[in-house]
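Architecture and fold: a report
Now for the letters of each chain:
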Amino acid sequence: MALGAANPGVRDHGLMVEVGHWSVFRRGQVGGNPCPVVTETRQLTPGQMQAIAGHYGHESVFVTDLTPTRVSLRFFVPRHEMRMCVHATIAAITALAGSDAIVAGGAVVSTASGEHRVSWKGGERLEVTVEQAAPWFGPPAAVHAEMSAALGLPESSIAGAALIRPVSVSRAKLIVPLRDADAVHQASPDFPALWEVCRRLGTTGAYVFAPHPDGDPRHVVARQFPVDAGYPEDPATGVAAAALAAYLAADLQPARSAWRGITIDQGDTMGQPSFVRAAALAGPEGTTRTSVTGRAVRTGQAQLSLSAITGGRDLPEPELR
C-alpha cells in the first residue's frame, strides 16, 4: 500500500486521526518509552504531524509509505522532526506486523537518516531488532569540569581519564561515563548549559552511563538528556544505546568479527523503568555494525481531532535534526 505524500492544501477541519499508543522497552509490567503511532497519513502535512507529537508530548512516528517489504517512517518530537528514532521504529513495525501489512520476519525501513534493516520474531510478543549505521566516533572532548557542572554533579563524578566523546550511528550523542550508578541517578542538569555543550560538540543529546551495581560488565545504567526536544529526559533511547554499544566496543579488535551485546537500564529516575539491548559488531577492522532489540506493548487506541489541536491554522515546515 503506497500511502503517498500529504497534500499541503488539505485543511484539517473535521479530520480525525487514528492514533495507536505503544510502550517500548518496558522492564516488567510498567515503564518503557511511550510512542504514539499513526499508520494512515495521506491527509497529514509535516506541520500537522509535529502538532500531534506536541499534543502527546512524546516522540511520535508516522508511516508515510508502505509495501510488504519496505516501510517509510517520519519521526517527530514536540519541537522538531528527527532523522531516526529506534523505539518508534519498533512500535511502528509491531503495529504493522500485527495487521499483516508487511511480510513476516523482516523489512527495510526508510528514514531521513537512511535505510535500516529491521527483523522480528516471536509471534504475539514480537521482538524487533533495528540495525543502525556503522558508527562514527568524534574526537575526545576535554569538557570534564564543564560537563560535571552542567549535570549538577561534583567534578569527581567524572574521572579525569574518562573518555567523553560524540558517537553517531544515526543521530550523534555525547557519551559521558560517570563514576557509578549513584552519580547517574543523582544528575540534575542545568539544561541550557548542557545543551550548549552538546551543540558545540555537534550532538543531539548527552547519554550518561555507569556500570550496573550487579557487577556484570555488560550491564549498565544510563540516562539521556536530549537537546531542546520539548521534554527534558527519555526513559529509553535506542539511538543512544547503539552509540554506547559502539563506544564500549571501540577498542576491541578481535581476530574474528563478533557481536558484543550490552543491556542498559534506563528510566528509573523518571519512574518509568526500561531496558534496552544493544550490540556492536567488532572485528579486525574495528566496529562496523550496531543494532538495538526490544519489544513494544500496545497501551491504547484513540481518535484525535486534528482541528482541536491546530485550530485550523496552516503550520510551518518542521526543522529536521
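Conventions we followed
- Residues numbered from 1 in each chain as written.
- Predicted model: local features only at pLDDT ≥ 70, side-chain atom pairs only at ≥ 80, totals over all residues.
- Heavy atoms only, no water.
- 1 Å grid on protein atoms, 1.4 Å probe; cavity = no way out; pocket = protein on both sides within 12 Å on 5 of 7 lines; lining within 4 Å.
- Points joined across faces, edges and corners; volume = space filled by probe spheres on them.
- Helix = DSSP H or I, 4+ residues; strand = E, 2+ residues; numbered from the N terminus.
- Nonpolar A, V, L, I, M, F, W, Y, C, P; charged D, E, K, R; others polar.
- Core = buried A, V, L, I, M, F, W, Y, C linked by side-chain atoms within 4.5 Å.
- Buried < 20%, exposed > 50% of the residue type's maximum accessible area, 1.4 Å probe, protein only.
- Phe/Tyr/Trp six-rings, centres within 6.5 Å; stacked < 30°, edge-to-face > 60°.
- Pairing = 2+ DSSP bridges.

1. Comments concerning the layout of surface pockets
Approximately 310 Å³ is the volume attributed to the largest pocket. If you go around the largest pocket, you meet 19 residues; those closest to its centre are Thr94, Gly123, Glu124, Arg125 and Leu126. Elements with a contribution of two residues or more to the lining of the largest pocket: helix H2 (86-98) and strand E17 (296-305). Here the element with the most residues in the lining of the largest pocket is H2; it accounts for four residues. When the residues that make up the lining of the largest pocket are grouped by side-chain class, the tally is ten nonpolar, four polar and five charged.

2. Here's the deal with the nonpolar core
Counting 60 residues, the largest nonpolar core has Val71, Trp120, Leu244 and Ile264 as the members making the most contacts within it. Top element by residues in this core is helix H6 (residues 238-249). It accounts for ten residues. Of all hydrophobic cores here, the second largest spans 26 residues; its members include Ala150, Leu151, Trp195 and Val208.

3. Looking at unusual backbone geometry
The backbone phi angle of phenylalanine 25 is positive, close to 70°, even though this residue is not glycine. Within the secondary structure layout, phenylalanine 25 lies in the loop between strand E1 (16-24) and strand E2 (33-38).

4. A look at the packing of aromatic side chains
The tally for this structure, following the rule as stated, stands at four aromatic pairs. Centre to centre, the rings of phenylalanine 191 and phenylalanine 225 are 6.1 Å apart; their planes meet at 70°, and the pair counts as edge-to-face. Taken together, the positions of phenylalanine 191 in helix H5 (residues 191-200) and phenylalanine 225 in strand E13 (residues 219-226) put the pair 34 residues apart, joining distant regions of the chain.

5. Points about the pairing of strand E8 (residues 127-132)
In this structure, strand E7 (residues 114-121) lies alongside E8, joined through four bridges in antiparallel fashion. By the bridge assignment for E8, tryptophan 120 is matched with valine 128. The hairpin formed by E7 and E8 contains five residues between the paired strands, and glycine 122 there has a positive phi angle of roughly 115°.

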